[in-house]
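Structure assessment
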Amino acid sequence: MRNLWIGWLVLCCQAVHAEVALQILDQDQQPVADAVVLVASKQVDTPQQNAIIDQIDSAFVPRVAVIQKGQSIGFPNSDDIRHHVYSFSAPKSFEIKLYKGSDIAPIEFDKAGLVILGCNIHDDMIGYILVADNQFAVKSNKKGWVTLPVEAGDEITIWSDRFVAGLEHRQNFTVGSAKQQSVSLELYPALEMSDHQGHDSVYDW
């Protein structure tokens, strides 16, 4: 029994040690929300539940969604006006013509990559879906933090729609040994990014 208890403690300590808190910052050391971090070495299953991207006050909510390959997304329209949602992105090209409410069937995203959303009626409505290839993927919170199941030496990939290098850009980062770490990205200011990036550029991961 004592050996089992010791073994359990070792496993618990390893699990705790394998979690790293990473803060994503811009070049001015300000926290970056809605950046996506992927850990290719950590495979995950496709969730059975559908994700949701709502339309509220003529905006996609959330503006950046992270799902797994094979997962479906529902697109309710909670506004009092109709929207026409579409994407020309290679991983998933589709359109939902003028509609309101929540009677639209969910759409399955069966290819990994970046899907860029728009509204054919409201040009300033832009959203992003990161479809991960069954690998661990998480989005940074408002203070730029993510918690990752990684250890020192693991490689991660970071994406942000604010990259100065464009939507096609990804930044790799090698995890260090500290439990809390940070990484800086070269980004457009959050309020000005729409002046620099269109919504018809796509890439495949």
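So, here's what we can say about the structure. (Residues numbered from 1 in each chain as written. Predicted model: local features only at pLDDT ≥ 70, side-chain atom pairs only at ≥ 80, totals over all residues. Heavy atoms only, no water.)

Description of the overall build of the protein chain
- Counting secondary structure elements, the protein chain contains one helix and 17 strands.
- Among the 205 residues that make up the protein chain, the fraction classed as buried is 43%.
- In the protein chain, the proportion of contacts linking residues at least 24 apart, taken out of those at least 6 apart, comes to 63%.
- For the protein chain, the exposed surface amounts to about 11,100 Å²; the carbon and sulfur share of it is 51%. (Helix = DSSP H or I, 4+ residues; strand = E, 2+ residues; numbered from the N terminus. Buried < 20%, exposed > 50% of the residue type's maximum accessible area, 1.4 Å probe, protein only. Contact = heavy atoms within 4.5 Å. Areas by Shrake-Rupley, 256 points an atom, 1.4 Å probe, with all protein chains shown as cover.)

Brief notes about the pattern of salt bridges
- Using the criterion set out here, one finds five salt bridges in the structure.
- Taking the shortest distance from any N to any O, the salt bridge between D34 and K139 comes out at 3.8 Å. Separated by 105 residues along the polypeptide, D34 in the loop between β1 (19–26) and β2 (36–43) and K139 in strand β13 (residues 135–139) bring together distant segments of the chain.
- Put simply, D34, R63, K139 and D161 are held in one network by salt bridges that share partners. (Salt bridge = Lys/Arg side-chain N within 4 Å of Asp/Glu carboxyl O.)

With respect to the side chain of Q23
- Locating Q23 in the fold gives a position in strand β1.
- Take Q23: its relative accessible area is 18%, and that puts it in the buried class.
- Within the structure, Q23 has its side chain in polar contact with the backbone oxygen of K143 (distance 2.9 Å).
- If sequence neighbours within four positions are ignored, Q23 has contacts with P31, K143, G144, W145, Q181, S182 and V183. (Polar contact = N/O pair within 3.5 Å; in protein donor to acceptor, adjacent residues only side chain to side chain.)

Topic: the packing of aromatic side chains
- For the coordinates displayed, the defined rule picks out five aromatic pairs.
- Measuring from centroid to centroid gives 5.9 Å for F94 and F109, while their planes differ by 90 degrees, and the two rings are edge-to-face. Of this pair, F94 sits in strand β9 (residues 92–99) while F109 sits in strand β10 (residues 107–109), and the two are 15 residues apart along the sequence.
- The class for F94 is buried, based on a relative accessible area of 11%.
- With a relative accessible area of 0%, F109 lands in the buried category.
- An aromatic cluster of at least three residues, connected via ring pairs, comprises F75, F94 and F109. (Phe/Tyr/Trp six-rings, centres within 6.5 Å; stacked < 30°, edge-to-face > 60°.)

Focus on the environment of L167
- As for its position among the elements, L167 is in the loop between β15 (155–159) and β16 (171–174).
- What makes L167 buried here is its relative accessible area of 3%.
- Sequence separation between L167 and I116 is 51 residues, and the spatial gap between their C-alpha atoms is 9.9 Å.

So, unusual backbone geometry
- Cis geometry marks the peptide bond from V61 to P62, where omega comes out at 0 degrees.
- Turning to its location among the elements, P62 is positioned in the loop between β5 (60–61) and β6 (64–68).
- Although it is not a glycine, Q29 sits at a positive phi angle of roughly 65 degrees.
- A relative accessible area of 46% places Q29 in the partly exposed class.
- At S58, a position not held by glycine, the phi torsion is positive, near 55 degrees.
- Take S58: it is sitting in the loop between β4 (54–55) and β5.

With respect to the nonpolar core
- By size, the foremost hydrophobic cluster in this structure holds 19 residues, and its most contacted members are I53, I73, F75, F94, F109, L117 and I129.
- Those elements that provide at least two residues to this core are β6, β9, β10, β11 (113–119) and β12 (126–132).
- With residues near it in sequence (within four places) discarded, I73 still touches A51, I52, I53, I67, P106, I107, F109 and I129.
- With 18 residues, the next largest nonpolar core counts I24, L148, I158 and V175 among its residues. (Core = buried A, V, L, I, M, F, W, Y, C linked by side-chain atoms within 4.5 Å.)

Remember, this is a structural readout, not a statement about activity or role.
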